Amino acid sequence: MSKDSKIYIAGHRGMVGSSVWRALEAKGYKTIIGKTSAELDLRHQQAVIDFINNEKPDIIIDAAARVGGILANNENPYPFLMENLQIQNNLIDAAHKADIQKFIFLGSSCIYPKFAPQPLKEEYLLTDSLEPTNEWYAIAKIAGVKACEAIRKQYGKDFVSLMPTNLYGPNDNFDLKSSHVLPAMMRKFHEAKATNAPVKLWGSGTPMREFLHVDDLAQAVLFAVENILLEHLYNVGTGTDVTIKELAVTIQNIVGHKGEIVWDITKPDGTPRKLMDSSKLQNEGWKAKVMLGMGIEKTYDWFLKHIDNIKEVKII
């Protein structure tokens, strides 16, 4: 691909899409396009077809999705299933029919079975049952992976799926009802900092999770843009995990909260451990660079600068 290649980023204003945009610009790509949800509703098939046919991008990067944490997924199963299916199916099918040769589909580590061996390998997909609290989102993303694999297999197009571990960074969602664990913790500790009031967190704190700064994912996407990858599915992670308690203490120290942490064991923990084996992508030449502590510090600095308009996703 040349620096003049036209690249369409679906979801370009989100945490992932905006980071990918910055990475492409920094590398010298000149023709990057995006549409807001108000300008283009990706759930509407004909609108997506018309847009792709008119713009004729050389590459499509699908960073658009309805996302959220355990609470949002558990309480809103239908939109997390249906809207994600609509968004990705419309984009994948329109890209294929417009004969676009390169498509990068972004998903999540939740596609893997709840009790799969650790670390998670790509071949564990569809070998057992999913985590019930987010299976709706996971099923949609699995369908996207399989659609890209089918096009690659049948038509030989460079459709590839990247499955990142838990993401965080600038432009994250900090709404306490729909956010993921790291930004939710950051906001809770920040809001309790003034009085050092106790902070209540979900579960026991014992599950282990891996966290990837979004800028590292953006570099993985850039790597996929500039290279022909050998496989259809790649994990994207750091290879290191921490307990939720360790994460909480790290964020608490960076934020400067001095109060007590209270664990609400009546709330679900989710999957006991979720560490990804990202060796396939690492062997092809990509590796994460942002250490967790440094990444949290950078994210909190961004949070403080944007505290008056931090992103909050409202589930309708």
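Residues numbered from 1 in each chain as written. Predicted model: local features only at pLDDT ≥ 70, side-chain atom pairs only at ≥ 80, totals over all residues. Heavy atoms only, no water.

Caption draft 1: Region of the structure containing the overall build of the protein. The secondary structure content of the protein amounts to 10 helices and 13 strands. For 316 residues, the compact-globule formula gives about 20 Å, and the C-alpha radius of gyration of the protein, at 19 Å, lands near that figure. Seen through its C-alpha atoms, the protein measures out along the principal axes to roughly 55 × 40 × 40 Å. Scored against the burial criterion, the 316 residues of the protein give a buried share of 54%. Nonlocal contacts in the protein, meaning residues at least 24 apart in sequence, comprise 82% of its contacts between residues at least 6 apart. Looking at charge distribution, the protein has the averaged site of its 37 positive side-chain charges lying 1 Å from that of its 38 negative ones. (Helix = DSSP H or I, 4+ residues; strand = E, 2+ residues; numbered from the N terminus. Rg over C-alpha atoms; globule rule 2.2 N^0.38 Å. Buried < 20%, exposed > 50% of the residue type's maximum accessible area, 1.4 Å probe, protein only. Contact = heavy atoms within 4.5 Å. Lys, Arg positive; Asp, Glu negative; His and termini not counted. Charge placed at Lys NZ, Arg CZ, Asp CG, Glu CD.)

Caption draft 2: Structural detail: the side chain of Thr165. Following the sequence through the fold, Thr165 ends up in the loop between strand E5 (158-164) and strand E6 (166-168). Of the polar contacts made by the side chain of Thr165, one reaches the backbone oxygen of Glu210; its length is 3.1 Å. (Polar contact = N/O pair within 3.5 Å; in protein donor to acceptor, adjacent residues only side chain to side chain.)

Caption draft 3: The arrangement of the sheet that holds strand E11 (residues 242-243) in detail. The 3 strands lie next to each other as E11-E8-E13, forming an open sheet whose pairing is mixed. Sheet topology places E11 and strand E13 (273-274) at the edges, where each strand pairs with a single neighbour. In terms of strand pairing, strand E8 (residues 208-209) meets E13 through 2 bridges, oriented parallel. Note that in E13 the partner of Arg209 across the bridge is Lys274. (Pairing = 2+ DSSP bridges.)

Caption draft 4: Structural view of the environment of Ser37. Here Ser37 is to be found in the loop between strand E2 (31-33) and helix H2 (45-55). According to the relative accessible area criterion, Ser37 is exposed, its value standing at 65%. Linking Ser37 and His12, residues 25 residues apart in sequence, is a C-alpha distance of 9.9 Å.

Caption draft 5: Representation of the environment of Gln252 in the model. Among the secondary structure elements, Gln252 is positioned in helix H8 (residues 244-255). Take Gln252: its relative accessible area is 10%, and that puts it in the buried class. The spacing of Gln252 and Ile32 is 220 residues in sequence and 38 Å in space, taken between C-alpha atoms. Excluding its chain neighbours within four sequence positions, the residues that come into contact with Gln252 are Phe189, His257, Lys258, Gly259 and Ile261.

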